[in-house]
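# A look at the structure
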Amino acid sequence: MELSERTIHLEDKDFLYFIGYNDQLIQAIENKFHTLITLRGSNIILKGAPKEIESIEAIFKELGYIHKRSGTISDNDLATVLELMTEGQEDYFENKSKSSKNYEVVVYHSVKGPIKTKTPKQFEYVRKVAENDIVFAIGPAGTGKTFLAVAMALAELKRNKIEKIILSRPAVETGESLGFLPGDLKEKLDPYLKPLTDALYYMLSPDKLKSYSEKNVIEIIPLAYMRGRTLSNAFIILDEAQNATIMQMKMFLTRMGNNSKVIVTGDITQIDLQNPEECGLINANKLLQNIEGIEFVYFDERDVVRHRLVAQIIKAYQNESEAKQQHKIATKEKNSEKND
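Only a predicted model underlies this, so the values are computations on that prediction, with no experimental measurement involved.

## Re the sheet that holds strand β2 (residues 36–40)
- Taken in spatial order, the 3 strands of this open sheet run β1-β3-β2, and their pairing is antiparallel. A strand with exactly one partner marks an edge of an open sheet, and here the two such strands are β1 (4–9) and β2. For this sheet, the mean angle separating the axes of adjacent strands, direction not counted, is 20 degrees.
- Examined bridge by bridge, β2 and strand β3 (residues 43–48) share 5 bridges and lie antiparallel to one another. Residue pairing in the sheet places Ile 37 in a bridge with Leu 46 of β3.
- Strands β1, β2 and β3 of the sheet are contacted by helix α3 (residues 50–70), whose axis makes an angle of about 10 degrees with β1.

Okay, structure coming up:
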């Protein structure tokens, strides 16, 4: 993608003070675009695609007119200007009618192009997230559970529906050995959180992701570090939830504050807990089925969107598991008949 850099010089000191005092204005504009916006003294530095930069310049110009006329800029003024200047940007179900397939919709316009649903189950997943506050996505690797969750979170941030994105995973593989790994906390946890950062690097430019991370607009944290927090105005994703215990799952779900959405993803065939009976994902699947506002989506090998062999590999292991289970049941019945 061709990147340009342009500087907007602010002559109006009052307007400069307003932007410097209320960083939320710049953040709200930045969320709408892939362009990086930086305030330096009396200048605003824009780094991004030329077309986006032109749109952002127009937004600042219009806000400048409003400020000179009324002496302030209200949230409603900002929302109106952003809506007018970004008209035509489509996400979620807005462009469904234009698709050649009735399950294909654009979820998010990433730096590398539009992120779309590719299967009916993915479409169901996106629809349920749009309509509910908590959604559990359960199924094998390669079905797009985490990737689409990140895309939906960025889409909500782009619309300024939320203020931050929280991404979390249980780091069960580390156990008690975490303290003995080299490096600081971030370096120790990076291998466990990498699947989440990979999705972000695909959808955002490195500069934009760095900016969001430094401003805590995007937080990537291990599950254990969420205890005691209340997360409002946020989009919260728990990945690899099959490795969260029942108590950890309860702790995570009760972090949810006002105006927040939660997605929980996991694969119950890949539990790494020492005691699989303590799996919080399986427990939640039984316990939370009939609560309004909570929905479940179940993926299988037919929904795999990675290499074609991945679906076949998953099916092969699934067949072996089912065969072992049937053999176990048959052996148990045979032994029971002998005892009788």
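## Description of the confidence of the model for the protein
- Across the protein, the average pLDDT comes to 82, with 77% of residues at 70 or higher.
- Considering each helix and strand of the protein separately, the mean pLDDT is smallest for helix α1 (residues 13–21), with a value of 60, and largest for strand β6 (residues 134–138), with 97.

## Considerations on empty space enclosed by the protein
- The final tally for this structure, using the stated rule, is 1 cavity of 30 Å³ or more.
- In this model, the largest cavity occupies a volume close to 40 Å³.
- Every residue along the wall of the largest cavity is listed here: Asn 31, Phe 33, His 34, Tyr 108, Leu 154, Leu 157, Lys 158, Leu 204, Lys 208 and Tyr 212.
- Among the elements of the structure, α6 (145–158) and α8 (206–214) are those that each provide at least two residues to the lining of the largest cavity.
- When residues in the lining of the largest cavity are grouped by element, the largest group, 3 residues, is from α6.
- Class assignment for the residues of the lining of the largest cavity results in 6 nonpolar, 2 polar and 2 charged.

## What about the environment of Lys 158?
- Inspection of the secondary structure assignment puts Lys 158 in helix α6.
- A relative accessible area of 6% means that Lys 158 is categorised as buried.
- Sequence separation between Lys 158 and Lys 32 is 126 residues; the distance between their C-alpha atoms is 4.6 Å.

## Some points on the sheet that holds strand β7 (residues 164–169)
- Across the sheet, which stays open at both edges, the 6 strands sit in the order β8-β7-β9-β10-β6-β11 with parallel pairing between neighbours. The sheet terminates laterally at β8 (218–222) and β11 (294–298), the two strands that pair on one side only. The sheet shows a mean angle of 15 degrees between the axes of neighbouring strands, taken without regard to direction.
- Note: β7 against β8, 5 bridges, orientation parallel. Note that in β8 the partner of Ser 168 across the bridge is Ile 221.
- Contacts from helix α9 (residues 246–253) reach β6, β9 (234–238) and β10 (261–266) within the one sheet, and its direction differs from that of β10 by about 155 degrees.
- Its contacts with the sheet put helix α10 (residues 280–287) on β6, β10 and β11, and the angle it makes with β6 is roughly 120 degrees.

## Overview of the environment of Val 217
- Of note, Val 217 is situated in the loop between α8 and β8.
- The exposure class of Val 217 is buried, given its relative accessible area of 5%.
- For Val 217 and Ala 234, which are 17 residues apart along the polypeptide, the C-alpha to C-alpha distance reads 9.3 Å.
- Here Val 217 is in contact with Gln 27, Leu 157, Glu 163, Lys 164, Ile 165 and Tyr 212, once residues within four sequence places are set aside.

## A look at α8
- When we look at burial in α8, the residues that qualify are Lys 208, Leu 209, Ser 211 and Tyr 212. The buried residues of α8 occupy an angular sector of 160 degrees when the element is viewed end-on, so they sit on one face. Seen from the buried face of α8, the exposed residues on the opposite side, beyond 90 degrees, are Pro 206, Lys 210 and Glu 214.
- At the exit of α8 stands Asn 216, carrying a positive phi of roughly 60 degrees.

About the criteria used
- Residues numbered from 1 in each chain as written.
- Predicted model: local features only at pLDDT ≥ 70, side-chain atom pairs only at ≥ 80, totals over all residues.
- Heavy atoms only, no water.
- Pairing = 2+ DSSP bridges.
- Helix = DSSP H or I, 4+ residues; strand = E, 2+ residues; numbered from the N terminus.
- Axes fitted to C-alpha atoms, helices over the stretch in contact; angles between N-to-C directions.
- Contact = heavy atoms within 4.5 Å.
- pLDDT = per-residue confidence, 0-100.
- 1 Å grid on protein atoms, 1.4 Å probe; cavity = no way out; pocket = protein on both sides within 12 Å on 5 of 7 lines; lining within 4 Å.
- Points joined across faces, edges and corners; volume = space filled by probe spheres on them.
- Nonpolar A, V, L, I, M, F, W, Y, C, P; charged D, E, K, R; others polar.
- Buried < 20%, exposed > 50% of the residue type's maximum accessible area, 1.4 Å probe, protein only.
- Arc of directions from axis to C-beta.

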